[in-house]
Amino acid sequence: MNTAAQTRFDNLHIDNNIILYMEDVSVSFDGFKAINKLNLYIDRGELRCIIGPNGAGKSTMMDIITGKTRPDEGTVFLGRDHNLLQMSEAEIARAGIGRKFQKPTVFESLSVYDNLSLAIAGSKSVFGAYFGKWRKLTGEQDDFLDSVLDTIGLTHTRARMAGFLSHGQKQWLEIGMLLMQKPQLLLVDEPVAGMTHGEIERTAELLTGLAGQQAVVVVEHDMEFVRKIARQVTVLHQGSVLAEGTLAQVQADRQVIEVYLGGGH
Ligand SMILES: Nc1ncnc2c1ncn2[C@@H]1O[C@H](COP(=O)(O)OP(=O)(O)OP(=O)(O)O)[C@@H](O)[C@H]1O
């Protein structure tokens, strides 16, 4: 870090309880401000739902947190120590941010167990996996893998090829793969799209159960699902926070009703 940047960040007061700190973050694409002076603070272990109409900037915000998109200005920290704007995508993932995209991306021709064991930091070589040469897990890692299997409810599918899992089970497996890396912050994009009613219920239990151990940020359009899991809700609109609070509070907010909930979404 250069001296000027150091001086600037020395003045930052990030509460020890905050795991994600975003302040005055803006990014433009061809002159269009997709994110506009965004402030977002996520506490350690909290579950936060992010809602907002199409084009509000939700995906762009996730892209900034994970280092895929660099903002034009602003400050983004993981805890007090990791200045995410100075880190690569890989460094950010290693520092403890896991991102689950909408579509599951598990290795279909590998077993559930192998998918999880590959996800342990350092053993991630698909080539090695296909040729049976990946590093054997230690007893401790194996125990941890079993606890993750239990958390995601897939213990009974341990030896099954991932390609034979249901859509919901693949989504849970991918969440399990992120958990293997012991993240501090999990970003989850539209987790229940395409799920059955039963899978949606199970996903609600899974995500609410995960919060506490790590912070979980869920971007979701499905308001029924948000209602099931919501504690704190942030409404994004035109790249900024429009409202924040419990679901009841944001739903009663006049501006939210005008721009979002009243707009047929
Ligand atoms: N790489 C890019 N180049 C140009 N414009 C972009 C780019 N990425 C996003 N945008 C624009 O920025 C705005 C915010 O997009 P973003 O995808 O973040 O919204 P969103 O809230 O995730 O929407 P949705 O709910 O539809 O996924 C949109 O107007 C989008 O067209």
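The structure under discussion appears in the preceding block.
Residues numbered from 1 in each chain as written. Predicted model: local features only at pLDDT ≥ 70, side-chain atom pairs only at ≥ 80, totals over all residues. Heavy atoms only, no water.

1. Notes on the overall build of the chain
When helices and strands are tallied, the chain shows eleven helices and ten strands. Of all 265 residues assigned to the chain, the portion counted as buried reaches 51%. Partitioning the intrachain contacts of the chain with sequence separation of at least 6 by distance along the chain shows that 65% fall at a separation of at least 24. (Helix = DSSP H or I, 4+ residues; strand = E, 2+ residues; numbered from the N terminus. Buried < 20%, exposed > 50% of the residue type's maximum accessible area, 1.4 Å probe, protein only. Contact = heavy atoms within 4.5 Å.)

2. So, the pattern of salt bridges
One pass over the full model with this rule turns up eleven salt bridges. Across the salt bridge formed by Arg48 and Glu46, the nearest N and O atoms sit 3.0 Å from each other. The partner of Glu258 in a salt bridge is Arg254, and the shortest N-O contact between them spans 3.1 Å. On the criterion of helical spacing, the pair formed by Glu258 and Arg254 is a turn pair, its members being four residues apart in helix 11 (residues 254–259). Taken together, the shared-partner salt bridges in this structure form one network comprising Glu46, Arg48 and Glu244. (Salt bridge = Lys/Arg side-chain N within 4 Å of Asp/Glu carboxyl O.)

3. Points about the packing of helix 4 (residues 112–119) against helix 7 (residues 167–179)
Between helix 4 and helix 7, whose axes approach to 8 Å, the crossing angle comes to 30°. Looking at the two axes, helix 4 sits roughly parallel to helix 7. Of the two elements, helix 4 crosses helix 7, and the hand of that crossing is right-handed. Contact residues: Val112, Asn115, Leu116 and Ala119 in helix 4; Leu173, Gly176 and Met177 in helix 7. Tallied by class, the residues present in the contact of helix 4 with helix 7 amount to five nonpolar, two polar and no charged. (Axes fitted to C-alpha atoms, helices over the stretch in contact; angles between N-to-C directions. Parallel < 35°, antiparallel > 145°, perpendicular 65-115°, else oblique. Left-handed = near helix turned anticlockwise from the far one by under 90°. Nonpolar A, V, L, I, M, F, W, Y, C, P; charged D, E, K, R; others polar.)

4. Things to note about the site of the ligand
The immediate surroundings of the ligand are formed by Phe29, Phe32, Ala34, Pro53, Asn54, Gly55, Ala56, Gly57, Lys58, Ser59, Thr60 and His221. Take Gly55: an N or O atom from its main chain is 2.9 Å from an oxygen atom of the ligand. If the ligand stood free it would expose 640 Å²; the protein chains cover 59% of that surface. Only strand 2 (32–43) and helix 2 (58–65) provide two or more residues apiece to the shell around the ligand. Considered class by class, the residues forming the shell around the ligand number five nonpolar, six polar and one charged. (Near = heavy atom within 4 Å. Polar contact = N/O pair within 3.5 Å; in protein donor to acceptor, adjacent residues only side chain to side chain. Areas by Shrake-Rupley, 256 points an atom, 1.4 Å probe, with all protein chains shown as cover.)

5. Comments concerning the packing of aromatic side chains
Under the definition given, this model contains one aromatic pair. Relative to Tyr41, the ring of Tyr21 has its centre 5.5 Å away and its plane inclined at 65°; by these criteria the two rings are edge-to-face. You can see Tyr21 sitting in strand 1 (residues 18–29) and its partner Tyr41 sitting in strand 2, a full 20 residues away along the chain. The side chain of Arg202 reaches across the aromatic face of Trp172, ending 6.0 Å from its centre. (Phe/Tyr/Trp six-rings, centres within 6.5 Å; stacked < 30°, edge-to-face > 60°. Lys NZ or Arg CZ within 6 Å of the ring centre and 35° of its normal.)

6. Thoughts on the packing of helix 4 against helix 6 (residues 139–151)
How two helices pack is summed up by the angle between their axes together with the distance between the axes. At their nearest, the axes of helix 4 and helix 6 sit 10 Å apart, and the two run at 120° to each other. In terms of axis orientation, helix 4 runs oblique to helix 6. Of the two elements, helix 4 crosses helix 6, and the hand of that crossing is right-handed. Taking contact as the criterion, the partners of Val112, Tyr113, Leu116 and Ser117 in helix 4 are, on helix 6, Asp142, Leu145, Val148 and Leu149. Class assignment for the residues of the contact of helix 4 with helix 6 results in six nonpolar, one polar and one charged.

7. Here's the deal with the nonpolar core
Counting 47 residues, the largest nonpolar core has Leu116, Leu173, Leu207, Leu210, Val216, Val218 and Phe225 as the members making the most contacts within it. Domain assignment of the residues forming this core places at least three in each of domain 1 (3–106 + 165–263) and domain 2 (111–164). Excluding residues that lie within four positions of it along the chain, Leu116 makes contacts with Leu145, Val148, Leu149, Leu173, Gly176, Met177 and Met180. Core analysis: the next-biggest nonpolar cluster, separate from the first, contains 29 residues, Val25, Leu38, Leu78 and Val217 among them. (Core = buried A, V, L, I, M, F, W, Y, C linked by side-chain atoms within 4.5 Å. Domains from an automatic or database assignment.)

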